[in-house]
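Working through the structure, step by step
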Amino acid sequence: DWVWALVRGKVTEWQDRKPIRMIGTHIDITQHKRAENRIRYLAHHDPLTDLPNRALLAERAAMALALASRHQNTLAILFFDLDGFKDINDSLGHEAGDVLLKHVAVRLKGILREVDTLARLGGDEFIVLLPDVGRNGAAQVADKTLTLLREPVELGGHRLAVTSSIGISLYPHDGASFETLLKNADTAMYRAKHEGRNRFKFYDTRMNAEILDRLILLAALRKGIQTGQLRTHFQPKARLADGAVVGAEALVRWHHPEQGLLLPDRFIPMAKETDLIVAIGEWVLEDVCRHLTAWRDAGLPELTVAVNLAARHFREPGLADHLATVLARHDLSPARVELELTESTLLDVGPETRTAIESLRKIGFHLVIDDFGAGYSSLVYLKNLPFSSLKIDQSLVRGLETDANDRAITEAMVALSHIMGLTVVAEGVETERQCQILLEQGCEFVQGNLLSSPLPAEDFVRWAVDRGGQIRRRAAAI
């Protein structure tokens, strides 16, 4: 361990023309050498996980690609990140996130060969370099990785299972250089995440074209929001007992200048992955308020309109105050607007979301759980959050006539909701028989194509006025 360096020396005695005594000085540079080695190590390794970093990975990939080219072998690159890692950092703290990353590094090193390289690019992004491995071998490693990561981890006093999305590219099929293979594996990982996460996908050349189309559509959507291309359609909601129209749900449409009228499933999913979903939500709320004011000024009966909020809305500071300001600007009561939150939004409920929900309720907004029964359907939402209504998902309503289990589930949901003081809306109602079953179960309101498909504002008003006239004539005849 000792390293000595001769700095300066001087011969002081000679005998037979040979030096027999020398005086010099020396210093211990052990710590200096250790520091040099540490700097060299840090330049090539991630300080948190001790895994190779991008620089060292690139060096090893260059060597592996050269050997693969010389011997005409294959090579695989796996690009993966952890699903929902940001939520773990936000809810449990960055220390818990760091613990998880270390767990991932230790677990995955245990399933790899010595010739393989596991590297961390940064954040929750990891790369696995697999020399002499083809499609089947890469699939096996990816499948083992997914299984291993799903094993629960203790984080911040919670036992959590983590999933991952993995993209795979192969040499020479998907590229000849490390950068190309890495980019294509990243593209495949995005597709795995887009298709539902907790899975792996091999790169396909069509993916680049699809991503380009998506980027073009996103740019067009951003411009469309700014230039007034969005439209609000209204799907009526009626009271089951007498058929009276009590309100509607606002559903956004995009009047694309080239592709015509686009339905939400064409652009809302990608908007939710960006800040555009917030801009769309704000536009819809403003447009709904404008229509509510116009209908009131025209002497039409007061209706309640439901507006959807996405998870990203609750990350915006001052959400409740902002929504209240919009309604006040139009001289509207918060009771005229229902705010619908899907179960997927509630899965990410943290302190900020809970505070925002409670603030919205205190202001006077009616809060609705949308699509209940389509996901995890945790009763904790009903117990701990101030909702006033619950919407039964159309997947359950669709099976009312043919599936005894669906009928039993909806009946239990209606009964439980009433015990907890919630009203119930069934969405996706398409037949009179479904209405009859729901009425017998005690459901108060329905929404669906049996009443009407979503309508432009002008058509909705005409439909509602005509429907009201029919109801009045029917009541007078009884």
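A short tour of the structure in this document, coming up. (Residues numbered from 1 in each chain as written. Predicted model: local features only at pLDDT ≥ 70, side-chain atom pairs only at ≥ 80, totals over all residues. Heavy atoms only, no water.)

**Examining the overall build of the protein chain**
Each helix and strand counted, the protein chain has 17 helices and 19 strands in total. In the protein chain, which comprises 478 residues, the share counted as buried stands at 45%. For the protein chain, the share of sequence-separated contacts (at least 6 apart) that also reach a separation of at least 24 residues comes to 64%. (Helix = DSSP H or I, 4+ residues; strand = E, 2+ residues; numbered from the N terminus. Buried < 20%, exposed > 50% of the residue type's maximum accessible area, 1.4 Å probe, protein only. Contact = heavy atoms within 4.5 Å.)

**What about the nonpolar core?**
Counting 75 residues, the largest nonpolar core has Leu 221, Phe 234, Phe 267, Ile 280 and Leu 360 as the members making the most contacts within it. With 10 residues, the single largest contributor to this core is helix α9 (residues 276–297). Not counting residues within four places of it along the chain, the set of residues in contact with Ile 280 comprises Leu 221, Ile 225, Leu 230, Val 252, Phe 267, Ile 268 and Ala 271. Counting residues in each nonpolar core, the second largest holds 31 residues, with Leu 108, Val 128, Leu 130 and Leu 155 among its members. (Core = buried A, V, L, I, M, F, W, Y, C linked by side-chain atoms within 4.5 Å.)

**Some thoughts on the sheet that holds strand β8 (residues 164–171)**
If you walk across this open sheet you meet the five strands as β4-β5-β3-β8-β9, and the pairing is mixed. Two strands lie at the open edges of the sheet, namely β4 (117–122) and β9 (199–202), each paired on one side alone. The mean angle between the axes of side-by-side strands here comes to 20°, regardless of whether they run parallel or antiparallel. Contacting β3 (75–82), β5 (125–131), β8 and β9, helix α6 (residues 178–194) crosses the sheet at an angle of about 145° to β8. (Pairing = 2+ DSSP bridges. Axes fitted to C-alpha atoms, helices over the stretch in contact; angles between N-to-C directions.)

**Focus on the side chain of Lys 391**
Relative to the elements of secondary structure, Lys 391 occurs in strand β16 (residues 389–392). Lys 391 sits in the buried class, given a relative accessible area of 1%. Within the structure, the side chain of Lys 391 is placed 2.9 Å from the side chain of Gln 447, a separation counted as a polar contact. Beyond its immediate chain neighbours, meaning those up to four positions away, Lys 391 contacts Glu 249, Glu 340, Val 368, Ile 369, Asp 370, Asp 371, Phe 372, Val 425, Glu 427 and Gln 447. (Polar contact = N/O pair within 3.5 Å; in protein donor to acceptor, adjacent residues only side chain to side chain.)

**Description of the pairing of β4**
Note that β4 and β5 share five bridges and pair antiparallel. Paired with Thr 117 across the two strands is Leu 129, which belongs to β5. Two successive antiparallel strands, β4 and β5, enclose a turn made up of two residues, where Gly 123 displays a positive phi of approximately 55°.

**Examining the environment of Glu 249**
Relative to the helices and strands, Glu 249 is located in strand β11 (residues 245–256). Exposure remark for Glu 249: the relative accessible area of 5% places this residue in the buried category. If we skip the residues at most four places from it in the chain, Glu 249 touches His 233, Phe 234, Gln 235, Ala 306, Asn 308, Glu 340, Asp 370, Lys 391 and Gln 447. A polar atom in the side chain of Glu 249 sits 3.0 Å from the side chain of Lys 391.

**Structural notes on helix α15 (residues 404–419)**
Here α15 spans 23 Å end to end across 16 residues, near enough to the 22 Å set by a 1.5 Å rise per residue. What α15 keeps buried is the set Asp 406, Thr 410, Met 413, Val 414 and Ser 417. One face of α15 carries all of its buried residues, which in axial projection span an arc of 95°. For α15, the exposed residues set more than 90 degrees away from the buried face come down to Asn 405 and Ile 419. Capping the start of α15 is the job of one residue whose side-chain oxygen sits 2.8 Å from the backbone nitrogen of Asn 405: Asp 403. Looking one or two residues beyond α15, the residue adopting positive phi is Gly 421, at roughly 80°. (Expected span 1.5 Å × (residues − 1). Arc of directions from axis to C-beta.)

**Considering the pairing of β5**
Most of β5 sits out of view: six of its seven residues are buried. Pairing geometry for β3 and β5, over seven bridges, is antiparallel. In the sheet register, Leu 75 faces β5, and the bridge partner there is Pro 131.

**Some remarks on α9**
When the terminal C-alpha atoms of α9 are compared, their 32 Å separation across 22 residues agrees well with the 32 Å that a helix rising 1.5 Å per residue should span. Backbone geometry just downstream of α9 places Gly 299 in the positive-phi region, at approximately 80°.

**Description of the packing of helix α4 (residues 94–109) against helix α5 (residues 135–149)**
Taken N-terminus to C-terminus, the directions of α4 and α5 make an angle of 135°; their axes are 10 Å apart at the nearest point. Classified by the interaxial angle, the pair formed by α4 and α5 is oblique. Here the hand of the crossing between α4 and α5 comes out right-handed. Taken together, the residues of α5 that come into contact with α4 (itself represented by Val 104, Arg 107 and Leu 108) are Thr 145, Leu 148 and Leu 149. Residues that form the contact of α4 with α5 fall into these classes: four nonpolar, one polar and one charged. (Parallel < 35°, antiparallel > 145°, perpendicular 65-115°, else oblique. Left-handed = near helix turned anticlockwise from the far one by under 90°. Nonpolar A, V, L, I, M, F, W, Y, C, P; charged D, E, K, R; others polar.)

**Looking at the pattern of salt bridges**
Under the counting rule described, the total for this entry stands at 20 salt bridges. Two residues, Glu 249 and Lys 391, come together in a salt bridge whose shortest N-O distance is 3.0 Å. Residue Glu 249 is found in strand β11, and its partner Lys 391 is found in strand β16; the two are separated by 142 residues along the sequence. Neither Glu 249 nor Lys 391 differs from the other in exposure class; each is buried. Among the salt bridges present, the one from Glu 340 reaches Lys 391, with a minimum N-O distance of 3.0 Å. Placement of Glu 340 in strand β14 (residues 337–342) and of Lys 391 in strand β16 is noted, with a sequence separation of 51 residues between them. Of the residues examined, Glu 340 reaches a relative accessible area of 2% and is grouped as buried. (Salt bridge = Lys/Arg side-chain N within 4 Å of Asp/Glu carboxyl O.)

**Here's the deal with the packing of aromatic side chains**
Applying the stated criterion to the full structure yields six aromatic pairs. Where Phe 200 meets Phe 202, the ring centres are 6.1 Å apart and the plane angle is 85°; that geometry is what we call edge-to-face. Taking the relative accessible area as the measure of exposure, Phe 200 reaches 25% and is therefore partly exposed. On the basis of relative accessible area, Phe 202 is assigned to the buried category, the value being 13%. Plain terms: the ring middles of Trp 254 and Phe 267 are 5.7 Å apart, the flat faces sit at 80° to each other, and that makes the pair edge-to-face. Here Phe 267 lies in helix α8 (residues 264–272) and Trp 254 lies in strand β11, a separation of 13 residues in the sequence. It is Arg 135 that lies over the ring of Phe 202; its NZ or CZ is 3.9 Å from the centre. The ring of Phe 445 carries the charged tip of Lys 237 above its face, separated from the ring centre by 5.6 Å. (Phe/Tyr/Trp six-rings, centres within 6.5 Å; stacked < 30°, edge-to-face > 60°. Lys NZ or Arg CZ within 6 Å of the ring centre and 35° of its normal.)

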